[in-house]
Amino acid sequence: PADDSIVTTGVSHVKFWNVTGRLLRGKSGAFNQGQRDQAMVSLTISKKGRIYSGSEQGEIYRWKNAEVDTLVMAHEGPVFALWVCRDGLCSGGKDGKVMVWSLNLKPLVTFDLRSQSTGLDRTRIRSVCWLAKTILVGTIHSEVFEIDIESGTPSALLTGHSAGKVNGLQTHPSKRVFVTGAEDKT
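A brief structural summary.

Scoring rules and cut-offs
- Residues numbered from 1 in each chain as written.
- Predicted model: local features only at pLDDT ≥ 70, side-chain atom pairs only at ≥ 80, totals over all residues.
- Heavy atoms only, no water.
- Pairing = 2+ DSSP bridges.
- Helix = DSSP H or I, 4+ residues; strand = E, 2+ residues; numbered from the N terminus.
- Axes fitted to C-alpha atoms, helices over the stretch in contact; angles between N-to-C directions.
- Patch = residues over 30% accessible without salt bridge, like charges linked within 9 Å, V, L, I, M, F, W, Y side chains within 5 Å.
- Areas by Shrake-Rupley, 256 points an atom, 1.4 Å probe, with all protein chains shown as cover.
- Salt bridge = Lys/Arg side-chain N within 4 Å of Asp/Glu carboxyl O.
- Buried < 20%, exposed > 50% of the residue type's maximum accessible area, 1.4 Å probe, protein only.
- Contact = heavy atoms within 4.5 Å.

## Examining the sheet that holds strand E7 (residues 67-73)
- With antiparallel pairing, the 4 strands of this open sheet are ordered in space as E4-E5-E6-E7. Lying at the two open borders of the sheet, with one neighbouring strand each, are strand E4 (40-45) and E7. The mean inter-strand angle of the sheet, taken between neighbouring strand axes irrespective of direction, is 20°.
- Both strand E5 (residues 51-55) and strand E6 (residues 59-64) contribute to a ladder of 4 bridges, which runs antiparallel.

Given below as structure tokens:
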């Protein structure tokens, strides 16, 4: 938020801290909207100091002066990833969806990556990064997708194994490529 402040989140916990010299003073966040008795599992702060947090219940909270300013239901399940930039906010959740929002938390576009993943169970988004017209997305299955916002097309940049040990590794005899095999049958 500011050069001399810190925000911490957790179970039933959002706290805004100010640092003065060697002194740390905290103020609990005021939940005038939404549920206090849940975990905040993601957090992002804009360059202008606007704070957004994602809850285990799928909500995104926007904070102003240590109080909930705006609250929206964003995902079915936890909001594991948040990214804010001058163009808006990007969120990713356990539901396998990536959503793009205005800074005022108005939904702009949704991308569903559940059908794109090679994982054995439902895709869960664990990280998002919005740069210009591209969103990079990391999943629980060790995959990295690139989404072109204008075309809405996701493409896999990297796929990994979703469970178990890697049991095989083979290199190509002359090219700089390799293949792996694992207990997840991929």
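So much for the structure itself; the text now carries on.
## Notes on a nonpolar patch on the surface
- Taken together, the side chains of Leu131, Leu136, Leu157 and Leu158 present a nonpolar region at the surface, about 360 Å² in accessible area.
- Tracing the chain through its elements places Leu158 in strand E15 (residues 153-158).
- A relative accessible area of 49% places Leu158 in the partly exposed class.

## Overview of the pattern of salt bridges
- Considering all chains together, one arrives at 5 salt bridges under this definition.
- Each member of the salt-bridge network shares a partner with another, and the members are Arg50, Arg62 and Asp69.

## Quick look at the sheet that holds strand E2 (residues 13-20)
- The antiparallel open sheet is built from 3 strands, whose spatial order is E1-E2-E3. Whereas interior strands pair on both sides, the edge strands pair on one side only; in this sheet they are strand E1 (5-10) and strand E3 (23-28). Here the average twist between neighbouring strands, direction ignored, is 25°.
- Sheet topology note: the E1/E2 ladder contains 6 bridges and is antiparallel. Within the sheet, the bridge partner assigned to Ile6 lies in E2 and is Trp17.

## A few points about the environment of Leu169
- Tracing the sequence through the fold places Leu169 in strand E16 (residues 166-171).
- Those residues in contact with Leu169 that sit more than four places away from it in its chain are Phe178, Val179 and Thr180.

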